[in-house]
Amino acid sequence: MLIKVLKNFLRNFWLPSIIKQRKKASLIKLKNSLLGNEARKLISEKSHNSKLYIVHNLYTCPPSYGDFIWLIGLINVLKELRKEVNLIIVKGAYSNNWRKYKISNNGDKLAREFFEISEKIDKNNSRFSTKLIDQKEINQFLDSVNHKELLFADQVKRNFPIYIMYFDLIGILISQTNLKYPSLSFSKKNANKFLNNFPEKYISLHLRYNLEWGENRNPSDDEVIQLINGINKFTKAYIVIVSDHIGCKYFKEIIEKKSKNKNIIFSKDFTNSFYEDCELILNSSLYLQFKGGGTSAVPIFSSIPYLIYAKIYSINETKCSEMSIASWSMNNQFWVESNDINSFLKDLNLFSKVFRDINKKIEKG
């Protein structure tokens, strides 16, 4: 009986786990090799204004805002390297992996939103263009461009998911050039008037609420209240809950029932898109996040102090240290891979100076 149980364990749990680990290790090795080769080409390119095409094909990319923000950051780094960047977003066909996100029918809508976000990039002093094409046009497009002008050309033509390399390629380019920390470089012309209704100093608190997939990345109701109470120990500044429409509605009910804090603002009472949430975050005095959510990528490309506690489940991002996700992170920007709410609340002490500055500004009125 014991032998049978052991065999079942080895066959159903141990062996699949070993196979999965080996596949992951093999993919990481391949990824690092591709990154090294591509970085060499980009850095050694002698022509300052060389043309570069980036194909973000939604057939091979997930419907995630975070990965697209990594791409926006990469585009701006390439612009700093004086590349003429042309972004091609491919819609119309989506892989079976989209099914778990339960939004496969909204693929074209998301593609248009990605296109609109990329259109917000500041085009001053650089040449940048973005185009939205259909999957049936991709082969014709690839045949029309110079192979050497296509980022990860061989991989794009083989439908390899190049999005897994966006973030780490930024890190390599930053470390091997004289570039400063990267930014999202959204044009100031796009600044929305809704920000005029916000207090000068506020804290962005991202809360994820998604029951379709990744429920383990959602904070619990009790954790949400602990977060708000923990922040209140340091400041009475307004807390802006950043979430989607469903999340804002849900957390508003929870907070109104269980919290006495009246200085709470919900993003979707003012914003209508992910891009507007980005603006809201980039205008805040401090960004906080406990567990998952795509907006975590936004403050990484800013000088805003932030504390993010979130597990990294993919190989898309390689952290540079235990407390920092990026080599360009400042001394008040932290990303910790943990779901320990008590450690998060304790680490709020790292921002004592930030809280003091916020409180002084509030006192002055």
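Refer to the structure presented above.
Residues numbered from 1 in each chain as written. Predicted model: local features only at pLDDT ≥ 70, side-chain atom pairs only at ≥ 80, totals over all residues. Heavy atoms only, no water.

## What about the overall build of the chain?
Logical step 1: Counting its secondary structure elements, the chain contains twelve helices and nine strands.
Logical step 2: Within the chain, buried positions represent 51% of all 365 residues.
Logical step 3: In the chain, the proportion of contacts linking residues at least 24 apart, taken out of those at least 6 apart, comes to 76%. (Helix = DSSP H or I, 4+ residues; strand = E, 2+ residues; numbered from the N terminus. Buried < 20%, exposed > 50% of the residue type's maximum accessible area, 1.4 Å probe, protein only. Contact = heavy atoms within 4.5 Å.)

## Focus on helix H9 (residues 274-282)
Side chains of residues three or four places apart in an α-helix project in the same direction, reflecting 3.6 residues per turn.
Logical step 1: The element H9 is largely enclosed, with a buried count of eight among its nine residues.
Logical step 2: Phe274, Tyr275, Glu276, Asp277, Cys278, Glu279, Leu280 and Ile281 are the residues of H9 that are buried.
Logical step 3: For H9, the secondary structure elements touched by its buried residues are helix H2 (65-80), helix H3 (107-118), strand E4 (202-206), strand E5 (238-242), strand E7 (286-290) and helix H10 (297-300).

## What about the nonpolar core?
Logical step 1: Formed by 84 residues in total, the largest nonpolar core has its most connected members in Val55, Phe141, Leu169, Leu173 and Ile300.
Logical step 2: With nine residues, the single largest contributor to this core is H2.
Logical step 3: Dropping the residues within four chain positions of it, Leu169 is found in contact with Leu35, Ala39, Leu42, Leu74, Leu151 and Phe152.
Logical step 4: Core analysis: the next-biggest nonpolar cluster, separate from the first, contains 30 residues, Ile239, Phe290, Ile341 and Leu348 among them. (Core = buried A, V, L, I, M, F, W, Y, C linked by side-chain atoms within 4.5 Å.)

## Looking at the packing of H2 against H3
What describes two packed helices is the angle between their axes and the distance between those same axes.
Logical step 1: The interhelical angle for the contact between H2 and H3, taken along N-to-C directions, is 30°, at an axis separation of 11 Å. On the basis of their axis angle, the class for H2 and H3 is roughly parallel. As for how H2 packs across H3, the hand of that crossing is right-handed. Only Leu110, Glu113, Phe114, Ile117 and Ser118 of H3 make contact with H2, whose side of the interface consists of Tyr65, Phe68 and Ile72.
Logical step 2: Class assignment of the residues belonging to the contact of H2 with H3 gives a composition of six nonpolar, one polar and one charged. (Axes fitted to C-alpha atoms, helices over the stretch in contact; angles between N-to-C directions. Parallel < 35°, antiparallel > 145°, perpendicular 65-115°, else oblique. Left-handed = near helix turned anticlockwise from the far one by under 90°. Nonpolar A, V, L, I, M, F, W, Y, C, P; charged D, E, K, R; others polar.)

## Some remarks on the packing of helix H7 (residues 221-232) against helix H8 (residues 245-258)
Logical step 1: At a minimum axis distance of 10 Å, the contact between H7 and H8 shows a crossing angle of 65°. The orientation of H7 with respect to H8, classified from their angle, is roughly perpendicular. Once H7 is placed against H8, the crossing between them reads as right-handed. Seen from H7, the contacting residues are Asp221, Asp222, Val224, Ile225 and Ile228; seen from H8, they are Tyr250, Phe251, Ile254, Ile255 and Lys258.
Logical step 2: Here the contact of H7 with H8 is built from residues that sort into seven nonpolar, no polar and three charged.

## Focus: the pattern of salt bridges
Logical step 1: Scanning all chains against the criterion turns up nine salt bridges.
Logical step 2: Note that Lys91 and Asp134 form a salt bridge whose closest N and O atoms lie 3.3 Å from each other. Within this pair, whereas Lys91 is found in strand E2 (residues 84-91), its partner Asp134 is found in strand E3 (residues 128-134), the two being separated by 43 residues in sequence. When sorted by exposure, Lys91 lands in the same class as Asp134, which is buried.
Logical step 3: Of the charged contacts, one joins Lys361 and Glu200 as a salt bridge, the two residues approaching to 3.4 Å between their closest N and O atoms. Here the residue Lys361 occupies a position in helix H12 (residues 352-364), and Glu200 occupies one in the loop between helix H6 (166-175) and E4, the gap between them amounting to 161 residues.
Logical step 4: Taking relative accessible area as the criterion, Lys361 reaches 34% and is therefore assigned partly exposed.
Logical step 5: Assessed through its relative accessible area of 57%, Glu200 is described here as exposed. (Salt bridge = Lys/Arg side-chain N within 4 Å of Asp/Glu carboxyl O.)

## Focus: H6
Logical step 1: Among the ten residues that make up H6, eight are buried, leaving the element largely enclosed by the rest of the structure.
Logical step 2: Within H6, the full set of buried residues consists of Tyr166, Phe167, Asp168, Leu169, Ile170, Gly171, Leu173 and Ile174.

## Considering the sheet that holds E7
Logical step 1: Sheet architecture is open: six strands sit in the order E6-E5-E4-E7-E8-E9, paired in parallel fashion. Two strands close off the open sheet at either side, each with one partner strand: strand E6 (264-266) and strand E9 (333-336). Between one strand axis and the next, the sheet turns through 20° on average, direction left out of account.
Logical step 2: Strand direction decides the pairing type here: E4 and E5, joined by five bridges, are parallel. Looking at E5, one finds that Ser204 is bridged to Val240.
Logical step 3: Docked against the sheet, H7 engages E4, E5, E6 and E7, running at close to 160° with respect to E4. (Pairing = 2+ DSSP bridges.)

## Looking at the pairing of strand E1 (residues 51-57)
Logical step 1: Taking burial as the measure, the seven residues of E1 include six buried ones, the bulk of the element.
Logical step 2: For E1 and E2, the ladder comprises seven bridges, and the chain directions are parallel. Bridge pairing in E2 places Tyr53 opposite Asn86.

## With respect to the side chain of Ser50
Logical step 1: Structurally, Ser50 is set in the loop between helix H1 (2-44) and E1.
Logical step 2: Residue classification places Ser50 among the buried positions, given a relative accessible area of 13%.
Logical step 3: Within the structure, Ser50 has its side chain in polar contact with the side chain of Lys83 (distance 3.4 Å). (Polar contact = N/O pair within 3.5 Å; in protein donor to acceptor, adjacent residues only side chain to side chain.)

## Structural notes on unusual backbone geometry
Across residues other than glycine, the phi torsion is negative in most instances, and most of the peptide bonds are trans.
Logical step 1: Phi at Phe152 is positive, roughly 50°, even though this residue is not glycine.
Logical step 2: Position of Phe152 among the secondary structure elements: in the loop between helix H4 (138-144) and helix H5 (153-157).
Logical step 3: On the basis of relative accessible area, Phe152 is assigned to the buried category, the value being 0%.
Logical step 4: Not every positive phi belongs to a glycine, and Asn159 is a case in point at roughly 60°.

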